[in-house]
Amino acid sequence: MTSQNPIFIPGPTNIPEEMRKAVDMPTIDHRSPVFGRMLHPALEGVKKVLKSTQAQVFVFPSTGTGGWETAITNTLSPGDKVLAARNGMFSHRWIDMCQRHALDVTFVETPWGEGVPADRFEEILTADKGHEIRVVLATHNETATGVKSDIAAVRRALDAAKHPALLFVDGVSSIGSMDFRMDEWGVDIAVTGSQKGFMLPPGLAIVGFSPKAMEAVETARLPRTFFDIRDMATGYARNGYPYTPPVGLINGLNLSCERLLSEGLENVFARHNRIASGVRAAVGAWGLKLCAVRPELYSDSVSAIRVPEGFDANRIVSHALETYDMAFGTGLGEVAGKVFRIGHLGSLTDAMALSGISVAEMVMADLGLPIKLGSGVAAAQEHYRQTAAAAQKKAA
Ligand SMILES: *Cc1c(COP(=O)(O)O)cnc(C)c1O
């Protein structure tokens, strides 16, 4: 087993050397000002990455799932009505979490491969004359299907229905790699984690609360202790946590924000789009289709690739690992066995992407799929060659 190959699961992502060093810290006194000097710039950095001037950012020792729980338990009460769409494994899990917290979830069953149905949301919100729906949940990037949803359209649906519900967005696999605009889209809670666009090890739930979400905290009655943002806010005011903070990860988060912001968010998004477009060119050359059903839904952070009917896509993932020491993502839930996933988010270059495309090709050929060696690589190379000069200029 080698650790030299880049990783192509859609998170955790490749960790740049400098980020690994930042996380690897000697123990410090986490109640001292030294910790405050890492914490506050990290929180400010996240705010900028969220494109927000008003959000309050909270970072918990947890993962994205803990971020979902932070969002709902701090703002809602048992029996509150929530509107969501189920179009992949992650939206499914957030809905399931709401139900287990005794929330009343109306969810729109949406084909896996489609995005959040903003038009259906508008109808449902318009019909909710009594404004009983408290929160609308949306998964910005469905990592299971490689589908990007239009969050601005969800905001327009809320506005068109003149509905006051809060908008909570799962941006775990989009924030820091695809365009995300918390303030402009009127997002009330943005949820992410450390191990995807931020290029860090897993271990942090990162959330931003809008002023409107902060108001909801005062009346929410769902039980919360570990994830209570009021305790966290009190801790931050004293340069600390209500418990022991994950100091190394916070140091890493500070550096990660610095790197993303100094590359420039628009350049980060353009880099992801360029790499993703190369992967999509390869998929086309293989004669395969993405799970995402239309180009405007294509995710720039992960591609879920449909395999021919009757072929078990999991074989690709296990063969790649056993034979070439390379990790791709399996299909989850309803698309298990039907797709395999190439994650292309975080710290990645065109050259790294080519290695993944090349191995995927070898694997499919080994397994007897009708793939011509070099076909996908050539298509991606063509795309990367054509776009290299412009990308270099932008980065400079
Ligand atoms: C990775 C991911 C999560 C969170 O998963 P954790 O394992 O809890 O970090 C949530 N939503 C999406 C869309 C994701 O990609």
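In this text the structure is predicted, and so the values were computed from the model without any measurement. (Residues numbered from 1 in each chain as written. Predicted model: local features only at pLDDT ≥ 70, side-chain atom pairs only at ≥ 80, totals over all residues. Heavy atoms only, no water.)

Focus: the overall build of the protein
Within the protein, the regular secondary structure consists of 13 helices and twelve strands. Taken over the C-alpha trace, the protein has a radius of gyration of 21 Å; the compact-globule value for 396 residues is 21 Å, and the two agree within 12%. Across its three principal axes, the protein shows a C-alpha extent of roughly 60 × 55 × 40 Å. For the protein, buried positions account for 58% of its 396 residues. A separation threshold of at least 6 residues defines the contact pool for the protein, and within that pool the share at least 24 residues apart is 73%. (Helix = DSSP H or I, 4+ residues; strand = E, 2+ residues; numbered from the N terminus. Rg over C-alpha atoms; globule rule 2.2 N^0.38 Å. Buried < 20%, exposed > 50% of the residue type's maximum accessible area, 1.4 Å probe, protein only. Contact = heavy atoms within 4.5 Å.)

Here we look at the pairing of strand S2 (residues 81–86)
Of all six residues that make up S2, five are buried, and the element is covered over most of its length. Summarising the sheet, S2 and strand S3 (residues 104–109) pair through six bridges and their orientation is parallel. Each residue of the ladder has a partner; that of Val82, found in S3, is Val105. Of the pairings in the sheet, the one linking S2 to strand S4 (residues 133–139) comprises three bridges and is parallel in character. Of the residues in S4, the one forming a bridge with Val82 is Val135. (Pairing = 2+ DSSP bridges.)

As for the UniProt feature "binding site: substrate" (unreviewed entry) in the protein
This chain's UniProt record puts "binding site: substrate" (unreviewed entry) on Arg341. Tracing the chain through its elements places Arg341 in strand S12 (residues 339–343). The residues touching Arg341, leaving out its near neighbours within four places in the chain, are Phe8, Pro10, Thr143, Ala144, Val302, Ser303, Ala304, Phe328, Gly329, Thr330 and Leu332. Engagement of the side chain of Arg341 in a polar contact is seen with the backbone oxygen of Thr143, the distance being 2.8 Å. (UniProt positions renumbered as here; feature names shortened; annotations may be inferred. Polar contact = N/O pair within 3.5 Å; in protein donor to acceptor, adjacent residues only side chain to side chain.)

A word on the sheet that holds strand S8 (residues 189–193)
Pairing is mixed across the open sheet formed by seven strands, whose spatial order is S1-S9-S8-S7-S4-S2-S3. In this open sheet, the two edge strands, each paired with only one partner strand, are strand S1 (56–61) and S3. With strand direction ignored, the average angle separating the axes of adjacent strands in the sheet is 20°. Across six bridges, the pairing between S1 and strand S9 (residues 204–209) is antiparallel. (Axes fitted to C-alpha atoms, helices over the stretch in contact; angles between N-to-C directions.)

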